[in-house]
Amino acid sequence: MNIEPEEKHNSDSSSDRALADQIQQQMQTVVSGQESAIQGLLTCLIAGGHALLEGVPGVAKTLLVKCLASATDCQYSRIQFTPDLMPNDITGVNIFDQKENRFQFREGPIFGDIILADEINRAPAKTQAALLEAMQESQVSVDGIRHDLPELFTVVATQNPVDYEGTYPLPEAQLDRFLMKLRVPYPSADAELEMLHRIHSLGDNAKKVETQIQVVISQKELAAVRSRARALRVEPPLMQYIVDIIRQSRSLQNLSLGASPRATVMLMEAAKALAALRAKDYVTPDEIQMLAYPVLRHRIRLTPEAEVEGLSPDTCIEELLQRVPIPR
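Here we summarise the structure given alongside this text. Keep in mind that what you see is a predicted model, and the values were worked out from it rather than measured.

Looking only at helices and strands, one finds 14 helices and 11 strands in the chain. Relative to a compact globule of 328 residues, whose C-alpha radius of gyration would be 20 Å, the chain shows 21 Å and is just as compact. Taking all 328 residues of the chain together, 51% fall into the buried category. Summarising the internal contacts of the chain: among those between residues at least 6 apart in sequence, 78% fall at separations of at least 24. Only carbon and sulfur atoms are counted for the fraction: they give 50% of the accessible area of the chain, which is about 16,200 Å². In the chain, 33 side chains carry a positive charge and 44 a negative one; their mean positions are 3 Å apart.

As a further point, take the side chain of serine 77. One can find serine 77 in strand β2 (residues 76-80). You can call serine 77 buried: its relative accessible area is 12%. A distance of 2.5 Å separates a polar side-chain atom of serine 77 from the backbone oxygen of proline 109. In this view, serine 77 contacts Pro109, Ile114, Ile115 and Leu116; residues no more than four positions away in its chain are not counted.

Further remarks concern the sheet that holds strand β8 (residues 154-159). If you walk across this open sheet you meet the five strands as β2-β5-β8-β1-β9, and the pairing is parallel. Unpaired on one side and paired on the other, β2 and β9 (180-183) mark the two borders of the sheet. Averaged over neighbouring strand pairs, the angle between their axes works out to 20 degrees when direction is ignored.

Attention now goes to a nonpolar patch on the surface. Where nonpolar side chains cluster on the molecular surface, the patch consists of Leu193, Met195, Leu196 and Ile199 and spans about 350 Å² of accessible area. Mapping leucine 196 onto the fold places it in helix α8 (residues 189-202).

Here the idea is plain: a probe the size of a water molecule rolls over the atoms and shows the empty space left. Approximately 610 Å³ is the volume found for the largest pocket. Put simply, the parts of the chain that give the lining of the largest pocket at least two residues each are β1 (51-54), α7 (172-175), β9 and β11 (301-302). Its residues placed into classes, the lining of the largest pocket shows 10 nonpolar, five polar and nine charged. Taken as a whole, the second largest pocket holds about 430 Å³ of empty space. Lining the second largest pocket are 19 residues; nearest its centre among them are Ala47, Gly48, Gly49, Met135 and Arg230. Elements with a contribution of two residues or more to the lining of the second largest pocket: α6 (130-137), α9 (219-230) and α11 (261-277). For the lining of the second largest pocket, the element with the highest residue contribution is α11, accounting for four residues.

Cut-offs and rules
- Residues numbered from 1 in each chain as written.
- Predicted model: local features only at pLDDT ≥ 70, side-chain atom pairs only at ≥ 80, totals over all residues.
- Heavy atoms only, no water.
- Helix = DSSP H or I, 4+ residues; strand = E, 2+ residues; numbered from the N terminus.
- Rg over C-alpha atoms; globule rule 2.2 N^0.38 Å.
- Buried < 20%, exposed > 50% of the residue type's maximum accessible area, 1.4 Å probe, protein only.
- Contact = heavy atoms within 4.5 Å.
- Areas by Shrake-Rupley, 256 points an atom, 1.4 Å probe, with all protein chains shown as cover.
- Lys, Arg positive; Asp, Glu negative; His and termini not counted.
- Charge placed at Lys NZ, Arg CZ, Asp CG, Glu CD.
- Polar contact = N/O pair within 3.5 Å; in protein donor to acceptor, adjacent residues only side chain to side chain.
- Pairing = 2+ DSSP bridges.
- Axes fitted to C-alpha atoms, helices over the stretch in contact; angles between N-to-C directions.
- Patch = residues over 30% accessible without salt bridge, like charges linked within 9 Å, V, L, I, M, F, W, Y side chains within 5 Å.
- Salt bridge = Lys/Arg side-chain N within 4 Å of Asp/Glu carboxyl O.
- 1 Å grid on protein atoms, 1.4 Å probe; cavity = no way out; pocket = protein on both sides within 12 Å on 5 of 7 lines; lining within 4 Å.
- Points joined across faces, edges and corners; volume = space filled by probe spheres on them.
- Nonpolar A, V, L, I, M, F, W, Y, C, P; charged D, E, K, R; others polar.

Laid out in structure tokens, this is it:
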């Protein structure tokens, strides 16, 4: 692949790359064998998007989110989704204060920097919908009054790919709010052995391993990194490349639903964030191709015939990337 001339490195981009490396190193001291998921979460955080983690129980999905919050000095909040969870349990509620003789708003657990929506597909659609406004507009409305969420507000939801009993599939509108769908696989044998040695060495601290994480970046510094990432250069041919990939998804024979215009914007924003983490001053086709899989896999829907043939969203995305010419 021919990419643009060697990228120029300035002090800010080099500093951002160093901070990203330190965050990943801190997280990897606790979570073994999930380097790809760690990079994906960090890319989402820098891009200002939300992430959906999919993996079987016990692969450290929750721990990943805790470690990310600890390394970035962000306020962590967890919402355990259950069938009886109500929207007000997430957003908050107005309570009458007899001393003040007026209603006061009591914030729900969604008021945080990094929100873990654990097992999000175990709550009914009405409760899942409570997240729509928050994820799209960084605000919640309770009794007609708008309440703004923190500047760094990021939702990381988890779901189990094999347990279907007592679950509610996420509607398309909900899925489209997630910047990426990241898969958290089983770790390798070496990583699993390393995990055992590490847990054994912690002794009494083994049940709270996230406390071993050191703060790498402040919230103010993180906001500055976000701002610099949004300002990265994206050449017109690369914008056209992104548009061509998304539009091709709407005409691919094996797909009954292609990616939305929101996916066009999100792929560009994610590519800028990843380029920033790589200390680049502009986006290259490499970032776009790499992120097409996590950005698009939850936004496209296979035809019944394609599912019978055993195709997956990732195989269709691979076909998309092969069809669309790479800008030179």
